[in-house]
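Listed below, chain by chain, are the residues.
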Amino acid sequence: MLMRSAAQSLTEQLAERFAARIRDRLLAPGSRLPSVRQCASLHQLSPSTVVAAYDQLLAQGLIEARPQRGFFVRDWTPKPALPAADGSPSAIEAGVSRRPAGLEGLAAPIKATALIRGMFHPTGSKPQPGMGVFPPDWLATNFMTAAVRKVTSSAALQESSLKYGEPLGDSDLRRVLSELDPRAPKLVAFESVYSMDGDIAPIHDICDVAEEFGAMTYCDEVHGVGLYGPTGGGVTERDGASHRLTVIEGTLAKAFGVIGGYIAGTHAMCDFVRSFASGFIFSTALPPAVAAGARAAIQHLRASNVERTLLHERAATLRRRLDAVGVPHLQNDSHIVPVMVYDPVICKNISDLLLDEHGVYVQPINYPTVPRGTERLRITPSPVHSDADMDHLVASLEDVWARFSLRRAA
Ligand SMILES: Cc1ncc(COP(=O)(O)O)c(C=O)c1O
């Protein structure tokens, strides 16, 4: 049995054990490694430890992943080609187009591999906002297949969802994880910038608790990439936490202004999703023109902080102006300014009125996107909204607030 030691993690020990057997030809080229579950059970390890060890072997070029079949020893030669630090050899070898592949290193400044996705979120089962834990019975049957499928299932999230922003430590997250089988695979999924309230996840705290209980982590950075971090890598980059997440999801829409998105994670994880995620397999790859647009936008926002600085200044200015006229909004540290209406019908009506009479489109957010009674207009200023634009928006809001006799901030 492998034993925890200060010098070498269990992952490293397991990877080293396989690597030695492969180099000594005890495991011949073409032979199959035990499945993740078999190996985990044999060595009494968590499946995520085994996946991480297999990932190291993949990165060393000692093994290969064959879709639907498992991991096989490569025809190993004494000097295997090492993967480029910013590329994705496993994905490229397996057929991901080279042109979008140019994006892969860009979209994932820190993680080893990224997999570009199109718009494959099935609209009926988008993740609910907040944070969820996927318990063992969701995951045990087929390990990551289940995790990846269930991550888009709102039913799974509701099964064991947590109040967002609860202080951690003796929190719900710790409680929920501690109630699960310690050896079973688990996934903690959360947004870095919570799209509805605009508050920012305590990513290190979540990772601390997840690591303590051997859970994988999935961070949705859709509202963070391009907008946070010194090169726009998102809140995970800003907080120096990118290396701690199992999967980071980002979008090429929103900040980057194109369409599609990506996940970033280990080689094995991306290879796994590429091989098994039906939404990825059965959808068209990004057209080259779109990929080129995304590449240009990412390159620009990696080098330029001008737009990020302006965005946050614009959001702060908008908050100040709303405060000055008593229009209530949620306080947070992000660029998302939720203006609170607290009534679904009025919320929709004032959104219509703002468009029809003032030429301002602001999205009304009602149940089930937010809990009943917390209906809101969600405003996200952009770096190019001018002071005149803000004057117009605030005057328009003042008008509808007066006409509907809406609640004012104290
Ligand atoms: C929190 C969150 N995650 C994921 C997505 C999906 O991203 P995309 O539009 O790139 O498919 C969205 C889109 O609005 C989102 O708000």
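Structure first, text after, so check above.
Parameters at a glance
- For every chain, the first residue of the written sequence is number 1, and numbering continues from 1 onward in sequence order.
- Local features are withheld for residues below a pLDDT of 70 in this predicted model, meaning they are given only at 70 or higher, and side-chain atom pairs are given and counted only at 80 or more; totals for whole chains, interfaces and linings count all residues.
- As a convention, hydrogens and water are excluded, and side-chain values are obtained from all of the structure's heavy atoms.
- Any two strands between which DSSP finds at least two bridges are classified as paired.
- Only DSSP runs of H or I reaching four residues or more are called helices, and only runs of E reaching two or more are called strands; each is numbered from the N terminus.
- The convention used is that axes are lines fitted to C-alpha atoms, helices contributing only their stretch in contact, and that angles between N-to-C directions extend from 0 to 180 degrees.
- Note on definitions: a residue-residue contact is assigned when non-hydrogen atoms from the two residues lie within 4.5 Å.
- Between buried and exposed lies partly exposed: a residue is buried under 20% and exposed over 50% of the maximum accessible area for its type, with that area taken using a 1.4 Å probe on protein chains only.
- Orienting the strands away from the viewer, one traces the path from the first strand over the helix to the second; a clockwise path indicates a right-handed crossover.
- What a helix should span is 1.5 Å times the count of its residues minus one.
- Salt bridges are defined by distance alone: a side-chain nitrogen of Lys or Arg within 4 Å of a carboxyl oxygen of Asp or Glu.
- Think of a nonpolar core as a cluster: buried Ala, Val, Leu, Ile, Met, Phe, Trp, Tyr and Cys residues, connected wherever their side-chain atoms sit within 4.5 Å.
- What sets the label is the angle itself: under 35 degrees gives roughly parallel, over 145 gives roughly antiparallel, 65 to 115 gives roughly perpendicular, and the rest give oblique.
- Should the near helix be turned anticlockwise from the far one by less than a right angle, the crossing is left-handed, and should it be turned clockwise, the crossing is right-handed.
- Note on residue categories: nonpolar means Ala, Val, Leu, Ile, Met, Phe, Trp, Tyr, Cys or Pro, charged means Asp, Glu, Lys or Arg, and polar means any other residue, Gly included.

## Points about the sheet that holds strand β12 (residues 376–379)
Phase 1 of the analysis: The sheet built from three strands is open, its strands ordered β10-β12-β11 with antiparallel pairing. Looking at which strands have only one partner, the edges of the open sheet turn out to be β10 (337–340) and β11 (363–365). The average undirected angle you get between the axes of adjacent strands in this sheet is 35°.
Phase 2 of the analysis: Examined bridge by bridge, β10 and β12 share four bridges and lie antiparallel to one another. What sits directly across from V337, in β12, is I379.
Phase 3 of the analysis: Contacting β11 and β12, helix α16 (residues 344–358) runs over the sheet at an angle of about 45° to β12.
Phase 4 of the analysis: Running at roughly 180° to β12, helix α17 (residues 387–403) makes contact with β10 and β12 of the sheet.

## Here we look at the pairing of strand β6 (residues 187–191)
Phase 1 of the analysis: With five of five residues buried, β6 is to be regarded as a mostly interior element.
Phase 2 of the analysis: Burial along β6 is two-sided: the face carrying L187, A189 and E191 and the face carrying V188 and F190 are both buried.
Phase 3 of the analysis: The sheet contact formed by β6 and strand β7 (residues 216–220) spans five bridges and is parallel. Residue A189 lies in a different strand from β7, and its bridge partner there is Y218.
Phase 4 of the analysis: Read from β6 through helix α10 (residues 203–212) to β7, the crossover connection turns out right-handed.

## Re helix α3 (residues 47–59)
Phase 1 of the analysis: Its 13 residues give α3 an end-to-end C-alpha distance of 18 Å, which sits within 8% of 18 Å, the value for a rise of 1.5 Å per residue.
Phase 2 of the analysis: Among the residues making up α3, those that are buried are P47, T49, V50, V51, A53, Y54, D55, L57 and L58.
Phase 3 of the analysis: Check the buried side of α3 and you find it contacts α1 (10–23), α2 (36–43), β1 (63–66), β2 (70–73) and α12 (267–276).
Phase 4 of the analysis: In the stretch just after α3, G61 is the one whose phi turns positive, near 75°.

## Topic: the pattern of salt bridges
Phase 1 of the analysis: Evaluated as defined, the whole model comprises 14 salt bridges.
Phase 2 of the analysis: Residue D208 pairs with R244 through a salt bridge whose shortest N-O separation is 2.6 Å. One end of the pair, D208, is in helix α10; the other, R244, is in the loop between α11 (235–238) and β8 (247–251), with 36 residues separating them in the sequence.
Phase 3 of the analysis: Accessibility expressed as a relative area gives 39% for D208, which makes it partly exposed.
Phase 4 of the analysis: The partner of E313 in a salt bridge is R314, and the shortest N-O contact between them spans 2.8 Å.
Phase 5 of the analysis: Taking the relative accessible area as the measure of exposure, R314 reaches 8% and is therefore buried.
Phase 6 of the analysis: Here the salt bridges share partners, and the residues they tie into one network are E313, R314, R321, D387 and D391.

## Focus on the nonpolar core
Phase 1 of the analysis: In this structure, L14, F18, L33, V50, Y54, L57 and I63 are the most contacted members of the largest nonpolar core, which totals 24 residues.
Phase 2 of the analysis: Of all the secondary structure elements, the ones that give two or more residues to this core are α1, α2, α3 and β2.
Phase 3 of the analysis: If sequence neighbours within four positions are ignored, L57 has contacts with A15, F18, A19, L33, L62 and I63.
Phase 4 of the analysis: Core analysis: the second largest hydrophobic core is formed by 23 residues, I206, V209, A215 and Y228 among them.

## Concerning the packing of α1 against α3
Phase 1 of the analysis: Relative to each other, α1 and α3 sit at 50°, their axes nearing to 8 Å. By the criterion of interaxial angle, the relationship of α1 to α3 is oblique. Seen along the crossing, α1 lies across α3 with a hand that is right-handed. Contacts between α1 and α3 involve L10, T11, E12, L14, A15, F18 and A19 from the former and T49, V50, A52, A53, Y54, Q56 and L57 from the latter.
Phase 2 of the analysis: When grouped by side-chain class, the residues that make up the contact of α1 with α3 number ten nonpolar, three polar and one charged.

## Notes on unusual backbone geometry
Phase 1 of the analysis: In this structure, Y342 takes a positive phi of about 70° despite not being glycine.
Phase 2 of the analysis: As for its position among the elements, Y342 is in the loop between β10 and α16.
Phase 3 of the analysis: The residue S405 is not glycine, and still its phi comes out positive at about 45°.
Phase 4 of the analysis: Counting through the fold element by element, S405 comes out in the segment after α17.

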